[in-house]
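# Residue-level structural notes
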Amino acid sequence: MELLVTRHDTEDGAAREQRLPGSVFQLGRGSQCEIHLPDARVALTHARLTLGASGATIEAVEQRFVHNDREVSGAQLAAGDTLEIGPYFLKVDVASSGAVLAIAVRLSSRVSTRASSNALFRVLTRAPRLSKRRLSYLAFFGTLLVTLLAPIASDLLDRQQLPLAEPLAAGAVQAWNPGELLRSHLTFAHECRACHKVAFQRVPDTACNACHSSVREHVASSKMAGSTAFTLSETRCAQCHRDHKGKLAEAHSDQLCAQCHARIEEAASRAVVQKVSDFGKDHPQFRLWRVGPRDPQGHLAERSNLKFNHTLHLDPGGVRDPNSRRRTVLACGDCHEAEDGGARIAPVSMERHCSSCHALTFEPQVTKRQVPHAALDEVERSLREFYARLVIGDVPAGATPPRDLPRLRPGVAPSPEERREAMRIADERARRAVRELVQTRAVCSTCHYVERKGQGERTSWTIAPVALTSAWMPAANFRHDKHAAQTCITCHDVRASRRAEDVAMPDIARCRQCHAGAQGAPGKVASECAACHRFHGGTNTWH
Amino acid sequence: MRQQESILEFRRARYLKLALLACIGAIALYAAHDPGPIYAKRYGGTWVGYTLGGLGAFLILWLMLLGVRKRRYGTSVGTLHGWTSSHVYLGLSLLVVVTLHSGFEFGWNIHTAAYALMIVVIASGIFGVYAYLHYPTLVTQNLGGETLESTLLKIADLDRRCRRLALDLPDEANAIVMRSTRSSTREARIGGSLWRRLAGDTVVCPTRAACQALMKIGAGYVGHQASVNGQLLSAMTRKSTLIDRIRRDLRYRALLDVWLYAHVPLSFALLAALIAHVVSVFYFW
């Protein structure tokens, strides 16, 4: 059998005939197809045409096609039928000259041309107006301007002190701030130059010293020989004190102290302090200032040269007031008063705390006056003045001159002899009064140690100098006001103390009942070294 | 270049191993580092901080060099395949290296801004990797054996066929077909703006609307008109399917491209912020 194909889709437009032997013919854009329809809209093997005894049939292989204006997947072909496959228009003709079927192949004029679809294609996939390159330039230089150039420019302008530069610099440079400043530095938080003096140079110590001029060495440089410590001039402040680490971040770290103090004998062979690394676990027993070694019974003794009985004074029944004859119950605070805003306890004062009961009266039948609480010669001098006034008749209010006291006639100017006699009498009475105070009534020795020298008229007394300890642990920055929730006897239990020599200072075990080391412990206050000690020395609560 | 390997599998994931090495090294360094007694806190200003920061800055510069390398067709410095593989893995390792460099200190400043930019760039890059591995397959599956061009030609043919068939129908139906076929060739209906392309086949389609209208009107037709309407509907539906296929195609292609509009410009913003970060730290040392 034979198929006659007339191609009208040739390049030159001239019709060309092909005679194809066989009974099955493929139509498609693939070149293996007998009826080759080279166009993208045609499938590789689009349809198959079969010549048989009963006529010609066509069926779809990969895609459907249009037969006589209807889209079908198979059809019986007759003369005059039309087929459309993609842009191709096939017309079935009456067979002639031996062929079973004749087909004319044309490029349909009714379908789109390639050119018009290409225009469509371009439109659909055109590049967006946005260019990545342009955006990148914009992003790079925009970011650089905002984050780098503006802050630098405003800082430079600010240094020229141009108007408006300051608020500008504050805003722009603030964006550079890597972290919150210490609370105390917040007042100049917007002035980077206050510390960062020169661009691209580290913060100099002079910037710190502008305010912190009184910072002292940790150990005096004269004592530093033979230690691994370094003086302030050998390091930078910022080596330890780094700012921009938060409001409360300070260079307090037990590790830092322990670097030297955990092996103090290596770090400083001449150090007087003992090895320490942590308050809770590794801290020596407290050493008290000016207190000698313990006695054989294991007691400490303070050599204050005073006598005092806490038990007596703190009698729950009270102590008898010699004036009112009433009993008064004393509390610690009646004698130990807070000072310095409660941080410290003031020294006990005779005038304020003792004299209301312990009056320094002399010759009570003559006067209610008291001698000053002073050295004995000053006491004697004031007594001499008192008696001289009585003798010359210049009697102070409230005083009754003793009957046995010789007196000058009032209103008459005394002769030099009378004056000398009056002074002699005053001297004698004053000495007698002192002897009575010190020896007969033993008023001074109630509290003081009194030493007697000589006999009779030549007798003299010496009161041992008082040496009260005001700072028992001067290296500790202890504040009483921060411990106000505790009672005094929690740490200073003097209820059984009958002697002034007794020491009632707490030991480390007492402190450790509430305070743990830097790492803390359940139910305890985490206390690093700096809770009590100061690195740079300087003033603390006690000195 | 071995065609079968994806960028993730390049040379048995050579750069994955390198990136893991960098991450493990950075974590080990960070963990082993004793920041010293002054502040028991790790941050960018310690020697470990400077080391990690230097590594991070070097990696960022290296990653940006991909943009240079991919334009150098003549160079033989590695294959572009390998460069892309290293770009992906080393880029991901920045997440670890730079986060450790920060010491987890964040604030409202350019330092954290640079970090945030880096995170956004990496996130867009992760989407890019997903897109490169996922969408090309979908593009192929979507178009089947066709090309975009052949599909467009088919749509144009269908338009002509629809218009011809509609001539046999009453004015009402004819008008619907005319409207829908005219608009389908207009640029705005397929593709167009980026957002339209990203919307894919979810846009309001006039062809689909016309099909529904014809179905309603055609229910009243009888005889020849009903048969023509049937053919018309068949053609319109085919056209609608083809249009949706093209829209999906454009959507996939847009997705393959769109993330770069974030990734590239933001990485340049990151480069600027990185310069500002480094300069500012030493400007006010």
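Now for a description of the structure that goes with this document. (Residues numbered from 1 in each chain as written. Chains lettered and ligands numbered in written order. Predicted model: local features only at pLDDT ≥ 70, side-chain atom pairs only at ≥ 80, totals over all residues. Heavy atoms only, no water.)

## Observations concerning the overall build of chain A
When helices and strands are tallied, chain A shows 14 helices and 20 strands. Across chain A, every contact between residues at least 6 apart in sequence was considered, and the portion connecting residues at least 24 apart equals 46%. Working note: accessible area of chain A is about 33000 Å², and carbon and sulfur atoms make up 55% of it. (Helix = DSSP H or I, 4+ residues; strand = E, 2+ residues; numbered from the N terminus. Contact = heavy atoms within 4.5 Å. Areas by Shrake-Rupley, 256 points an atom, 1.4 Å probe, with all protein chains shown as cover.)

## Observations regarding the overall build of chain B
A tally of helices and strands in chain B yields eleven helices and zero strands. Relative to its full complement of 285 residues, chain B shows a buried share of 51%. The long-range fraction of contacts in chain B, counting pairs at least 24 apart against all pairs at least 6 apart in sequence, stands at 76%. For chain B, the exposed area adds up to about 13800 Å²; of that, 65% sits on carbon and sulfur atoms. (Buried < 20%, exposed > 50% of the residue type's maximum accessible area, 1.4 Å probe, protein only.)

## Focus on the sheet that holds strand β10 (residues 82-85) of chain A
Residues and elements named next belong to chain A. With mixed pairing, seven strands are arranged side by side in an open sheet as β2-β1-β12-β11-β10-β7-β8. At either margin of the open sheet sits one strand with a lone partner, and together these are β2 (16-21) and β8 (70-72). The mean angle between the axes of side-by-side strands here comes to 25°, regardless of whether they run parallel or antiparallel. Note that strand β1 (residues 2-7) and β2 share six bridges and pair antiparallel. Paired with Glu2 across the two strands is Pro21, which belongs to β2. (Pairing = 2+ DSSP bridges. Axes fitted to C-alpha atoms, helices over the stretch in contact; angles between N-to-C directions.)

## Focus on the nonpolar core
Judged by nonpolar contacts, the single largest core of 36 residues is most densely connected at Leu148(A), Trp176(A), Ile60(B), Leu94(B), Met118(B), Tyr283(B) and Phe284(B). For this core, the elements supplying multiple residues, two or more each, are α2 (132-159) of chain A together with α1 (10-32), α2 (47-64), α4 (80-102), α5 (110-143) and α11 (260-283) of chain B. Ranked by the residues each element gives to this core, the list is headed by α11(B), at eight residues. For Tyr283(B), the residues in contact, after removing those within four places along its chain, are Ile152(A), Asp155(A), Leu156(A), Trp176(A), Arg193(A), Val198(A), Ala199(A) and Phe200(A). Formed by 26 residues, the second largest nonpolar core is a distinct cluster that contains Tyr387(A), Ala388(A), Val434(A) and Val443(A). (Core = buried A, V, L, I, M, F, W, Y, C linked by side-chain atoms within 4.5 Å.)

## A few points about the sheet that holds strand β9 (residues 74-77) of chain A
All names here are of chain A. Sheet architecture is open: five strands sit in the order β4-β3-β5-β6-β9, paired in mixed fashion. Two strands lie at the open edges of the sheet, namely β4 (35-36) and β9, each paired on one side alone. Pairing geometry for strand β6 (residues 55-60) and β9, over four bridges, is antiparallel. The residue of β9 that forms the bridge with Ile58 is Ala75.

## Looking at the packing of α5(B) against α11(B)
All names here are of chain B. As a packed pair, α5 and α11 sit with axes 8 Å apart at the nearest point and diverge in direction by 155°. Here α5 is positioned roughly antiparallel relative to α11, judged by the angle of their axes. Handedness of the α5/α11 crossing: left-handed. Contact residues: Ile110, His111, Ala114, Leu117, Met118, Val120, Val121, Ser124, Gly125 and Tyr132 in α5; Leu260, Ala262, His263, Leu266, Ser267, Ala269, Leu270, Ala273, Ala276, His277, Ser280 and Val281 in α11. Residue composition of the contact of α5 with α11, grouped by class: 15 nonpolar, seven polar and no charged. (Parallel < 35°, antiparallel > 145°, perpendicular 65-115°, else oblique. Left-handed = near helix turned anticlockwise from the far one by under 90°. Nonpolar A, V, L, I, M, F, W, Y, C, P; charged D, E, K, R; others polar.)

## Concerning a nonpolar patch on the surface
On the surface, a cluster of nonpolar side chains totalling about 290 Å² of accessible area is made up of Leu145(A), Val146(A) and Leu149(A). Within the element layout of this structure, Leu145(A) appears in helix α2. (Patch = residues over 30% accessible without salt bridge, like charges linked within 9 Å, V, L, I, M, F, W, Y side chains within 5 Å. Salt bridge = Lys/Arg side-chain N within 4 Å of Asp/Glu carboxyl O.)

## Re the pairing of strand β5 (residues 47-52) of chain A
Residue and element names in this part refer to chain A. The alternating pattern of β5 places Ala47, Leu49 and Leu51 on a buried face and Arg48, Thr50 and Gly52 on a face that is not buried. Pairing between strand β3 (residues 24-28) and β5: four bridges, direction antiparallel. Along β5, the bridge assignment pairs Phe25 with Leu49. Two elements, β5 and β6, share six bridges in a ladder whose sense is antiparallel. By the bridge assignment for β6, Thr50 is matched with Thr57. Turn length for the β5-β6 hairpin, with the two strands adjacent in sequence and antiparallel, is two residues.

## Quick look at the pairing of strand β17 (residues 450-453) of chain A
Residue and element names in this part refer to chain A. As defined by bridge partners, β17 adjoins strand β18 (residues 460-463) across four bridges and the pair is classed as antiparallel. Residue pairing for β18: Arg452 is matched across the bridge by Trp461. If you look at the hairpin formed by β17 and β18, you'll find six residues sitting between the two strands, and Gly454 has a positive phi there, around 80°.

## A few points about the pattern of salt bridges
Residue and element names in this part refer to chain A. Enumeration according to the criterion identifies 30 salt bridges over all chains in this entry. Where Arg193 meets Asp155, a salt bridge forms, and the shortest distance between an N and an O atom there is 2.5 Å. In this pair, Arg193 sits in the loop between α3 (165-174) and α4 (205-209) while Asp155 sits in helix α2, placing the two residues 38 residues apart along the sequence. Asp155 gets classed as buried once you look at its relative accessible area, which sits at 4%. Between Asp404 and Arg429 there is a salt bridge; the shortest N-O distance is 3.3 Å. Note that Asp404 is positioned in the loop between α11 (376-391) and α12 (416-440) and Arg429 in helix α12, a separation of 25 residues in sequence.

## Details of α2(A)
In an α-helix there are 3.6 residues to a turn, and that puts residues three or four apart on one side. All names here are of chain A. Between the first and last C-alpha of α2 there are 39 Å, a value that for 28 residues agrees with the 40 Å anticipated at 1.5 Å per step. At Leu145, α2 shows its largest bend, some 45°. Taken residue by residue, α2 has Ser136, Ala139, Phe140, Thr143, Leu144, Thr147, Leu148, Pro151, Ile152, Ser154 and Asp155 as its buried positions. Gln161 lies just past α2 and shows a positive phi near 55°. (Expected span 1.5 Å × (residues − 1). Bend = angle between axes of the 7 residues up to and from the residue.)

By themselves these figures say nothing about function.
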